[in-house]
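# Descriptive structure summary
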Amino acid sequence: MELRSVEELMDLLYACRGERAAAEHGSGPGDLHGHALRTAALLRRRRPADKELQVAGLVSPVGRLLWPGNPAGRTADVVRPLLGARVARLLRRHAHPEAWAHDDDLVNLRQADEEARTAVFDAGVLEDWRTVLELTAARNSRLGAVD
């Protein structure tokens, strides 16, 4: 599977509504959709200029929806053509705890992911992120998705 448009990605993110994370992914408030919004919102607060990091937090649950129980690396492969190499790298390495200690971006992503499991706050709505996704996709398109 390969995402070819922001609209396809938005459809997948909307499909996460009502989907609960597996037990190994925690049992915080809400569903995958809410968790994604909270993670992205926390990253926006911590690193407001780093849109790719925020997008990685937003799209991370897509793999859990498509491949329950075994999403590691697959999400990265699905979003790379649309969102670029850095977002894919963050998602792929996020699945490997040994990589976290040596990468500030991964530490921030992991901390936001963990905090979003238990945090209760209004993280907005998915449509708030459409422009950020479109800008990230457009930037990736101009760069030609070169590693």
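Here we summarise the structure given alongside this text.

About the criteria used
Residues numbered from 1 in each chain as written. Predicted model: local features only at pLDDT ≥ 70, side-chain atom pairs only at ≥ 80, totals over all residues. Heavy atoms only, no water. Helix = DSSP H or I, 4+ residues; strand = E, 2+ residues; numbered from the N terminus. Buried < 20%, exposed > 50% of the residue type's maximum accessible area, 1.4 Å probe, protein only. Contact = heavy atoms within 4.5 Å. Areas by Shrake-Rupley, 256 points an atom, 1.4 Å probe, with all protein chains shown as cover.

Turning our eyes to something else, we now look at the overall build of the chain. In terms of helices and strands, the chain carries 8 helices and 0 strands. Starting at the N terminus and walking to the C terminus, you meet the elements of the chain as α-α-α-α-α-α-α-α. Evaluated residue by residue, the chain yields a buried proportion of 50% over its 147 residues. For the chain, the share of sequence-separated contacts (at least 6 apart) that also reach a separation of at least 24 residues comes to 66%. With the model as given, the accessible surface of the chain reaches about 7,200 Å², and the carbon-plus-sulfur share is 51%.

Summarising the element assignment, His33 is placed in helix 2 (residues 32-46). Relative accessible area serves as the criterion here: at 12%, His33 is assigned to the buried category. If we ignore the near neighbours within four places in the chain, the residues touching His33 are Leu13, Tyr14, Cys16, Arg17 and Leu126.

Turning our eyes to something else, we now look at the side chain of Asn108. Mapped onto the elements, Asn108 comes out in helix 7 (residues 104-118). The exposure class of Asn108 is buried, given its relative accessible area of 15%. When near neighbours in sequence (up to four residues on either side) are disregarded, Asn108 contacts Leu43, Arg46, Arg47 and Leu53.

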